Amino acid sequence: MPSGKHLFPSPDPATGGLVLPALRALAAQTPSLTVIPHEKVIYDTAHNPAHVALLSGGGAGHEPAHAGYVGEGMLTVAVSGEVFASPRTNQVLAGIKAVAPSLFRCPQVSGRSGEPSFRSRSITIADDVAVPRSRIARVGRRGLAGTVLVHKIAGGLASQGAGLDAVHAIAQRVNNSLVTAGVSLDRCHVPGRPHSDTDSLPTEEAELGMGIHNEPGVKRLSPIPTADDLASDILKMLLDPTDPERAYVPFAASDATVLMVNNLGGTSILELSAFASTVLSALDSKWGIKPVRVLVGTYMTSLDAPGVSVTLLNCGTGPKSQELLDLIDLPVRVPGWHSIPSQSPAQTIAAAETLAPESSVTPSDIGLDSRKLISALRSGAQALLKAEPEITHFDTIAGDGDCGHTLCLGANALLSLSSSAESSGSGPTMRQIADAVEGAMGGTSGVIYSIYLNAFATALSTPASGGVSPEVWLRSAANAALDSLLTYTTARPGDRTLIDALLPFCHALRSGSTLDDALSKAREGVESTRGMKAGVGRAVYVEEGKAEGEGVPDPGAWGVVVLLEGLAQGWRIV
C-alpha cells in the first residue's frame, strides 16, 4: 500500500505547488526549453516556425508525460494542470501564443474582427480497452500510455517538415491502431491529501484495468495472480478478437507490432523488466506475436502507483509499417524519452545465448562414499532452509536483510544437485557442488562461498603426495581454500563476518582436532560476534550501536555454523 510519505507532504499552490518546480527542472535539463510560470506552460524555443507545432497536455502526476516530451522530435508545447486536474483554457491559449506569436501580434480577420486565425487539427487519444464498450458509449475510451507513441510518431513526422494534414493523419492512424490495459497492486497517493485506509487495496488484492487518476479498475483479483497470469489476463483484454466489449484492433502474426511495457510510477525497474520478459513470452507462446520493437520504461505514470500497463501498436505490414517504425526509431532531444532503436527480441536473445560458456567439470573424486556425501549435502541444505527465518531476523537488524534468502538459494541448489546425483547413482564432485552454489547465490555471501568452494575443489583436484587418506586430504583442502579466500577479502576474525566462524573451524582441522571440536570452535566464533562492532561488510553501514546493542550474532557467521553442523549430521547418519 502507498505509504503516504512524500518529500513535499503539503505543496503550496501559491508558490506553484509541485508542478512549477518540476517544469523548471525540465527546462534546466534542456536549454532550449522555456517555462511560462503563471500558466504552467513549457515550450521549445528552438522549434522551427516553418514546421507543424504539436501541443499536448493534461493534469500533472503522469510524468514524464506530457512536459517531459517537449523538445526536438516530439512535442513543441505542453500545458500542465495541477495533479490529476485538466489545465484551464487560458493556459492552452498561452501555449499556442508561445509558438505562434506572430498570429497574435498581427491578427487576421476570421469569424469576428480581431480574432487570430490559423489552421489547426486536434485528436483525442483513446487507447484503453479495459473498460467495456457498453459502459463508455457516451464518454469514449480513456487515453493511456499509448498517448506517448502518438507524440513520438507525429512529432517525428512534423520535425521532418511534413504538413499539418499529414501529421494529423499519421497521429490518427496510430491512435486507431493502439490498445492499452494495465494492472496495479494499489492506488497512488496524492501529496497534500489526507491518507486513509480506503485509499488502498487490501494486501491480497490487485486491480485490473485501473485508471491513471486513481479511478477503480474493472476487476479485483484476489489472491494476487502470478506475473504469468497477470500478463495473460492483460493480453487477453488487448488481443481477444471474440470479446465484443474490447476487440478494437485486430492483430496478426504477420503484422509489425510494437510493445510498450510502462511503469505506472511505483514499480521497481527490476520487476518492470522481468514483467516485460513475461509479456514477451506470452505474446509469442499464446498469440504467435513477436514484437519488432520493445519499449520498456516509465512513459506515463499515476504518481507512485505500484503497477504496469501494456500497450500494443499494430503498424501493419509493408512500407507503411516501416514508416511508423522509422519514426519511433528517430532520435529525439527531450528529457523524458530514453528508448533507443531496438533489435528484434528474438535476435537479441539468440545473440546472448551464443555467449554462454560451455560447462566444464573437473573431476575431484577422492573416494568418498557417495551416499554419505549426498546425505551430508541434503542435511546441510535442509538445516539452512530451517534456519532462514532466524538468519533473516539477525540480518534485518545487523545488515540489509537478504542473508537468509541468499543462503536459501544456495541450499536449494544443493538439494537439486543431491537429488540428481542420487538418481544417477553417483556422488557429485566438489566442482559440481561449487558450480551449483555459484550459479544460485548472489550477494557478498555468494561471492565468498563461490571463492571458497572453487578453491576447495581445486585443492581436491590436485593429486596429494604420499598417498594420504581422504580425511587428511579434506583437512588440507579446507585450509588451502581458506588461505585462497583470505587473499580476496580483507575480513579477518574480529570484523563481524562469516570469517569469525569459518577460520577457527578450518584452523582446528589443520591442528588435528576432531570434527566435533572444530564445530565447537566455529560455534565459539559466531557467539563472539554478539556485541562485536563490524569492521567490514554491510553491518558497517547500520546505525551505530544497533547490532551490538541488540546482541545479535553476525548472520553470515551463523549461517556457516548451521551449514557445517548440518553437513556433519548428514555425514554421520549413513
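Computed from a prediction, not measured in an experiment: that's the story for all the values here. (Residues numbered from 1 in each chain as written. Predicted model: local features only at pLDDT ≥ 70, side-chain atom pairs only at ≥ 80, totals over all residues. Heavy atoms only, no water.)

Trainee: I tried to follow the overall build of the protein on my own but got confused; where do I start?
Mentor: When its secondary structure is counted, the protein shows 18 helices and 10 strands. Looking at the protein as a whole, 48% of its 574 residues qualify as buried. (Helix = DSSP H or I, 4+ residues; strand = E, 2+ residues; numbered from the N terminus. Buried < 20%, exposed > 50% of the residue type's maximum accessible area, 1.4 Å probe, protein only.)

Trainee: Sorry, what's going on with the packing of aromatic side chains here?
Mentor: For any pair of aromatic rings, the description rests on two quantities: the centre-to-centre distance and the angle between the ring planes. Throughout the structure, instances matching the rule amount to 3 aromatic pairs. When the centroid spacing of 6.2 Å and the interplanar angle of 20° are considered together, the rings of Tyr-452 and Phe-456 count as stacked. One end of the pair is Tyr-452 and the other is Phe-456, both in helix H13 (residues 443-461) and 4 residues apart, which spans about a single turn. Since its relative accessible area comes to 10%, Phe-456 is described here as buried. When the ring centre of Tyr-248 is taken as origin, the NZ or CZ atom of Arg-133, which lies over that ring, is 4.0 Å away. Positioned above the aromatic ring of Trp-337, the side-chain terminus of Lys-152 is 5.6 Å from the ring centre. (Phe/Tyr/Trp six-rings, centres within 6.5 Å; stacked < 30°, edge-to-face > 60°. Lys NZ or Arg CZ within 6 Å of the ring centre and 35° of its normal.)

Trainee: What should I look at first to understand the environment of Ile-499 in this one?
Mentor: For Ile-499, the position within the fold is in helix H15 (residues 499-510). Along the backbone, Ile-499 and Gly-556 are 57 residues apart, and their C-alpha atoms lie at a distance of 8.6 Å. If near-sequence neighbours (up to four positions away) are discounted, Ile-499 is found in contact with Leu-485, Leu-486, Ala-491, Arg-492, Pro-493 and Pro-504. (Contact = heavy atoms within 4.5 Å.)

Trainee: Looking at this structure, I do not really get the sheet that holds strand S5 (residues 178-184). What am I missing?
Mentor: To summarise the sheet geometry, strands pair through backbone hydrogen bonds and adopt either a parallel or an antiparallel arrangement. Taking strand neighbours across the sheet as the criterion, the 6 strands line up as S7-S6-S5-S10-S8-S9 in an open arrangement whose pairing is mixed. Looking along the sheet, the strands with just one partner apiece sit at the ends: strand S7 (219-221) and strand S9 (293-297). Between one strand axis and the next, the sheet turns by 15° as a mean value, whatever way the strands run. As paired strands, strand S8 (residues 257-263) and S9 are joined by 5 bridges and run parallel to one another. Bridge pairing links Leu-259 to Val-294 in S9. Across the face of the sheet, helix H7 (residues 269-287) comes into contact with S8, S9 and strand S10 (307-314) while running at roughly 150° to S8. (Pairing = 2+ DSSP bridges. Axes fitted to C-alpha atoms, helices over the stretch in contact; angles between N-to-C directions.)

Trainee: Teacher, can you tell me more about helix H4 (residues 146-159) here?
Mentor: An α-helix turns once every 3.6 residues. As a result, residues three or four positions apart point the same way. A rise of 1.5 Å per residue sets the reference length of H4, with its 14 residues, at 20 Å; its end C-alpha atoms lie 20 Å apart and thus fit the reference within 8%. For H4, the tally of buried residues reaches 13 of 14 residues, placing the bulk of the element in the interior. Looking one or two residues past H4, Gly-161 carries a phi angle of roughly 90°, positive in sign. (Expected span 1.5 Å × (residues − 1).)

Trainee: Looking at this structure, how should I read unusual backbone geometry?
Mentor: Residues Ala-65 and His-66 are joined by a peptide bond in cis, for which omega reads -5°. As for its position among the elements, His-66 is in the loop between strand S3 (55-60) and strand S4 (77-83). The peptide bond linking Ser-222 to Pro-223 adopts the cis configuration, its omega dihedral lying at -5°. Its identity is not glycine, yet Leu-303 carries a phi of approximately 55°, on the positive side.

Trainee: What am I meant to see in the pattern of salt bridges here?
Mentor: One side chain can pair with another of opposite charge once the charged atoms of both are near each other. Following the criterion strictly, the structure yields 18 salt bridges and no others. Between Asp-483 and Arg-510 there is a salt bridge whose closest N-O contact spans 3.2 Å. With Asp-483 in helix H14 (residues 470-486) and Arg-510 in helix H15, this residue pair connects regions lying 27 residues apart in the sequence. Judged by its relative accessible area of 47%, Arg-510 is partly exposed. Three or more residues joined by partner-sharing salt bridges are found here, namely Arg-187, Glu-205, Glu-207 and Arg-220. (Salt bridge = Lys/Arg side-chain N within 4 Å of Asp/Glu carboxyl O.)

Trainee: Help me out: how do you make sense of the side chain of Ser-418 in this one?
Mentor: Relative to the elements of secondary structure, Ser-418 occurs in helix H11 (residues 403-424). With near-sequence residues (within four places) excluded, Ser-418 lies in contact with Ile-374, Leu-377 and Arg-378.

Trainee: Explain the sheet that holds strand S1 (residues 33-36) here, please?
Mentor: Within the open sheet, the 4 strands sit side by side as S1-S2-S4-S3. Their pairing is mixed. Both edges of this open sheet fall to S1 and S3, since each of them pairs with a single strand only. For this sheet the average axis-to-axis angle between neighbouring strands, irrespective of direction, equals 20°. In the sheet, S3 pairs with S4 via 5 bridges, with the strands oriented parallel. Opposite Ser-56, over in S4, you have Ala-78 as the bridge partner.

Trainee: So what exactly am I meant to see when it comes to the pairing of S1 here?
Mentor: Working note: regular strand, side chains alternate between the two faces of the sheet. Of the pairings in the sheet, the one linking S1 to strand S2 (residues 41-44) comprises 4 bridges and is antiparallel in character. Bridge pairing links Ile-36 to Val-41 in S2.

Trainee: I keep staring at the environment of Asp-165 and nothing clicks. Help me out?
Mentor: Note on placement: Asp-165 falls in helix H5 (residues 164-175). On the basis of relative accessible area, Asp-165 is assigned to the partly exposed category, the value being 43%. Taking the C-alpha atoms as reference, Asp-165 lies 9.6 Å from Val-52; in sequence the two are 113 residues apart. If near-sequence neighbours (up to four positions away) are discounted, Asp-165 is found in contact with Arg-119 and Arg-121.

Trainee: It is not clear to me how the nonpolar core should be interpreted in this structure. Could you clarify?
Mentor: Soluble globular proteins: nonpolar side chains tend toward being buried together. One finds Tyr-449, Tyr-452, Phe-456, Leu-502 and Phe-505 to be the most contacted residues of the largest nonpolar core, which totals 59 residues. Excluding residues that lie within four positions of it along the chain, Tyr-452 makes contacts with Ala-478, Ala-481, Leu-482, Leu-485, Leu-502 and Cys-506. Within the second largest apolar cluster, 56 residues are counted, among which are Leu-23, Val-83, Ala-158 and Val-167. (Core = buried A, V, L, I, M, F, W, Y, C linked by side-chain atoms within 4.5 Å.)

Trainee: So what exactly am I meant to see when it comes to the packing of helix H6 (residues 227-239) against H7 here?
Mentor: Angle between the axes and distance between the axes: these two values describe a pair of packed helices. Running from N to C, H6 and H7 cross one another at 55°; their axes reach a closest spacing of 9 Å. Of the possible angle classes, the one that applies to H6 and H7 is oblique. Considering how the two elements wind past one another, H6 and H7 form a crossing that is right-handed. For the pair H6 and H7, the contacting residues are Ala-227, Asp-228, Leu-230, Ala-231, Ser-232, Ile-234, Leu-235, Lys-236 and Leu-239 in the first and Phe-275, Thr-278, Val-279, Ala-282, Leu-283, Lys-286 and Trp-287 in the second. Of the residues contributing to the contact of H6 with H7, the split by class is 11 nonpolar, 2 polar and 3 charged. (Parallel < 35°, antiparallel > 145°, perpendicular 65-115°, else oblique. Left-handed = near helix turned anticlockwise from the far one by under 90°. Nonpolar A, V, L, I, M, F, W, Y, C, P; charged D, E, K, R; others polar.)

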